[in-house]
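Reading the structure
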Amino acid sequence: MHNSDNSEARIDINILKEIARKDLVDALNSVNGAKTLVLDASLAGPLGLVTEVSLLKHQGVEKMFWLESGPLTSSTTNIVYLCRPRIKHVKTIADKDHIKRHAKESRKYVYTLLLVPRVSTLVSRILEEEGVLGDVTISSYNLQFIPVADDVISLEHENTLRELWVDGDETILFDSAQALLSLQKLYGSFPQIIGKGDFAQRVATLITRQGAKSTTTSRNTILSTFPRIDSLIILDRRVDMITPLLTQLTYEGLVDEVIGVKNSHVELPLSLLQPPTPANANTAASASTSPPSGSAIPVVSVKKDNKKKHHLTTATDPLYAELRDMNFSSIGRKLNRVAHRLDADYKTDLQSKSVPQLRDFVGKLGGLQTEHQALRLHTGISEMIVPYTRTDVFNKSLEIQQNLLASYEVSAQLNAIEDLVAQGAEMQIVLRLLCLASLTAGGVKAKNLESLKREILQVYGYEYLSLLLSLSSPHLSILLPNPLPASHASLPASKYPFTTLRKSLRLLIDDNPEALDEVENDISFVYSGYAPISIRLVQCIAQKGGVISNPADKEKPATETGNADGDLKQSSAGKFQAHPIVGWKGFEDVVAAIPGQTVEITQKVENSVSPAATSLDVVAFSGQTSRDSATTTVVFFLGGCTYTEIAALRWVGRQNKGRNFLIATTGIINGSNIMEGIAGLTTSVKNPSAV
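Given the structure is predicted, the values throughout are model-derived calculations rather than measurements.

Parameters and conventions
Residues numbered from 1 in each chain as written. Predicted model: local features only at pLDDT ≥ 70, side-chain atom pairs only at ≥ 80, totals over all residues. Heavy atoms only, no water. Helix = DSSP H or I, 4+ residues; strand = E, 2+ residues; numbered from the N terminus. Buried < 20%, exposed > 50% of the residue type's maximum accessible area, 1.4 Å probe, protein only. Contact = heavy atoms within 4.5 Å. Areas by Shrake-Rupley, 256 points an atom, 1.4 Å probe, with all protein chains shown as cover. Axes fitted to C-alpha atoms, helices over the stretch in contact; angles between N-to-C directions. Parallel < 35°, antiparallel > 145°, perpendicular 65-115°, else oblique. Left-handed = near helix turned anticlockwise from the far one by under 90°. Nonpolar A, V, L, I, M, F, W, Y, C, P; charged D, E, K, R; others polar. 1 Å grid on protein atoms, 1.4 Å probe; cavity = no way out; pocket = protein on both sides within 12 Å on 5 of 7 lines; lining within 4 Å. Points joined across faces, edges and corners; volume = space filled by probe spheres on them. Pairing = 2+ DSSP bridges. Core = buried A, V, L, I, M, F, W, Y, C linked by side-chain atoms within 4.5 Å. Domains from an automatic or database assignment. Salt bridge = Lys/Arg side-chain N within 4 Å of Asp/Glu carboxyl O.

Observations concerning the overall build of the protein
What the protein contains, in helices and strands, is 30 helices and 19 strands. Split into buried and exposed, the 691 residues of the protein put 53% on the buried side. Of the contacts formed within the protein by residues at least 6 apart in sequence, a portion of 81% connects residues at least 24 apart. By element, 52% of the accessible surface of the protein is carried by carbon and sulfur atoms, the whole surface being about 29,800 Å².

See below:
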């Protein structure tokens, strides 16, 4: 679902995966012989996106265990720990159940500690205090950006929001800057760095400072003879905390909200992932499928059974590429049409075909079967989501969100939130709505807020007191009373100017029938009438006309518009040539109203490349190398981004001719995992099977 005009000049981000694989191989091969790998559970998902178990076997890994407390018994002399530089991990490694226990039992092992993404002096200090520093060889595995989609790269770093705004741990700022510098080395310098937010300013400063130091070094890692990246846009998550609190309404977003997507994988019933039996092989192709409107004929019987992780990727599932960014209300009609098309393809009259035509048909059978299985899978996923979207809590939550965004009867919305607490709605839903009320209304009346907090603690438990305190802290400031307490009064950044931004950034599109076409032709389709502030800010830089009015409205017959079934038509004739990046020009006052530093930096661009660059084994760009080809704008979300923001940014990219967007982020987030992360809640992980 990309701009076909620009696809020839799109940056090939798969090189990042190859670099990550090679670095892992080199790190493991630095330990000679057979080895036992002890893995930080939080790295299992990211590593699964760049490598597979068979590769680890080839590097001598005989067994794998999670890094956790408890006795560790290894059949190999070499034990390799692979983890992030967390205090709890280091203490576990030096614990009485690991190194100290082995020493006490006179068992001799060779310990290697691979830290991700870099070595930390804090780790050495802790090991020294524990008296085991001399027993451990410390090295690093520099895992940085990982491709999670063809236009999305992520650090896959969990709980960035908590680390930055609750714990005050700013390690991710340096790691982000280093990862972005690696992009510079691969694809050329960022001519401009534009951003918003205090931490965005910090990262930009690190990039320019480190970049200046590296200009004197060899440029032979650059894989292009001239820069194809026209700018880097850095958005601090605090600039827009409203968007991730809302319920995502795209297909991919709702899959994340309802089922949960982690490291591009989703846990699904085994019955959905197994090929159908011959008896019902054609059921999905012939059945009428319309989940959102309540189809009477279920295509797939989804029952509680064993679950298996499934990788959601467009590489092997072309149908997913068509569905992922659509509003969920259009998914049923889309699946129905695909089912009818497949049914027609299967019923081809073979008797009237010539031999070459029969050969072509047989050649297409494999593709039809792949599409058939994809249709079955996504129909089943839709059937899992539909019951959730029909619950009273879901629809009441959506109604409260829409009313708060429109500043409609805020007191009544607070009463509705209180009713949800009484009904026993999920804690994350209640807190998301309460924080949304605070951000959109400039705070909640102190009396009402204290009453709601008290009810939340009584219903959900006092273990969430620290979460409420964190949400109300001066650094995070997303759950505040009105008027502000003395501790916040001196901070101008505490009150978010939502009502001002709603008008100046055209955030709300009417949901009346006359405005339906406008919604379908604007980034607001991802929230059924609300445009994410973060993507409007990107438009302020890269598509200025789209902030003021719909670019699609100006030339509807030729532009890319949504039809009645929710499909996005590609029509290059009506695309608008992307204008040059000129910073925040034209929107200075709007951006200044948002709390946080404003970033506008111009970097010196070097077009020359050392002769060694021509002998590289890899090429970072596919297609032509003409200066007339499309450029790429990198948009980095510091603190994470949602699937709906990715969908909206893809929409902006489809409206432009001559500019692609590469979306970079610290991780994929939604309102629920934000709350869980700040609360310090963790999900249990099954023990890996021995390799």
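Having put the structure on the table, let's press on.
Section: the packing of helix α1 (residues 14–29) against helix α8 (residues 171–187)
The geometry of α1 relative to α8 is characterised by a closest axis approach of 12 Å and an angle of 110° between their N-to-C directions. The angle between α1 and α8 falls in the class roughly perpendicular. Here α1 runs over α8; the crossing is right-handed. Facing Ile15, Leu16 and Ile19 of α1, the residues of α8 in contact are Leu183, Leu186 and Tyr187. Considering only residue class, the contact of α1 with α8 consists of six nonpolar, no polar and no charged.

Some thoughts on empty space enclosed by the protein
Within this structure, the stated rule accounts for six cavities of 30 Å³ or more. Along its surface, the second largest cavity is lined by Arg84, Pro117, Leu143, Gln144, Leu155, His157, Ile172 and Asp175. Of the residues that constitute the lining of the second largest cavity, the class distribution is four nonpolar, two polar and two charged.

Regarding the sheet that holds strand β8 (residues 192–196)
The mixed open sheet is built from seven strands, whose spatial order is β6-β7-β19-β17-β9-β8-β16. With partners counted over all chains shown, the strands left at the sheet margins are β6 (146–149) and β16 (598–602), one partner each. Ignoring which end each strand starts from, the neighbouring axes of this sheet average 20° apart. Pairing of strand β7 (residues 152–154) with strand β19 (residues 659–665) involves three bridges; the strand directions are parallel. Across the sheet, Ile153 pairs through a bridge with Ala664, a residue of β19. In the packing of α8 onto the sheet, the strands contacted are β7, β9 (229–236) and β17 (631–638), and the crossing angle to β17 comes to about 170°.

Section: the nonpolar core
Most often, soluble globular proteins have nonpolar side chains that are buried together. Among the nonpolar cores identified, the biggest contains 169 residues, and Leu82, Phe145, Ile242, Leu471 and Ile533 are the most heavily contacted of them. Each of two domains, domain 1 (31–143) and domain 2 (393–489), supplies a minimum of three residues to this core. Aside from chain neighbours lying at most four places away, what touches Ile533 is Asp240, Ile242, Thr243, Tyr496, Phe498, Leu501, Leu505 and Leu507. Grouped together as the second largest cluster of nonpolar side chains are 19 residues, Val38, Leu72, Cys83 and Ile126 included.

Section: the sheet that holds strand β11 (residues 265–269)
Taken together, the three strands give an open sheet; going across it, the order is β10-β11-β12, and neighbouring strands pair in antiparallel fashion. Since the sheet does not close on itself, it has two edges, and those belong to β10 (261–262) and β12 (307–311), each with one partner. Bridging between β11 and β12 involves five bridges; their strand directions are antiparallel. Bridge pairing in β12 links His265 to His311.

Here's the deal with unusual backbone geometry
For the bond from Val116 to Pro117, the omega torsion is 0°, close enough to zero to count as cis. By the secondary structure assignment, Pro117 is in the loop between β4 (110–115) and α6 (121–130). A positive phi angle, near 60°, is found at Asn159, a position not held by glycine. Its location among the elements puts Asn159 in the loop between β7 and α7 (160–167). Even without being glycine, Arg506 reaches a positive phi, approximately 50°. Mapped onto the elements of the fold, Arg506 is located in the loop between α23 (498–504) and α24 (516–520).

Some details on the packing of α7 against helix α30 (residues 671–679)
Contact pair α7 / α30: the axes reach a minimum separation of 8 Å and the direction vectors enclose 50°. Our classification of the angle between α7 and α30 gives oblique. Read as a crossing pair, α7 and α30 show a hand that is right-handed. On α30, the residues that touch Leu161, Arg162 and Val166 of α7 are Ile674, Gly677, Ile678 and Ala679. Split into classes, the residues belonging to the contact of α7 with α30 amount to five nonpolar, one polar and one charged.

Structural notes on the pattern of salt bridges
Scanning the model with the defined rule gives 23 salt bridges in all. The closest approach of N and O atoms between Asp26 and Lys22, which form a salt bridge, is 3.1 Å. Of the two residues, Asp26 and Lys22 are both situated in helix α1; the distance of four residues between them amounts to about one turn of the helix. A relative accessible area of 52% means that Lys22 is categorised as exposed. What you see here is one network of salt bridges that share partners, running through Lys91, Lys100 and Glu130.

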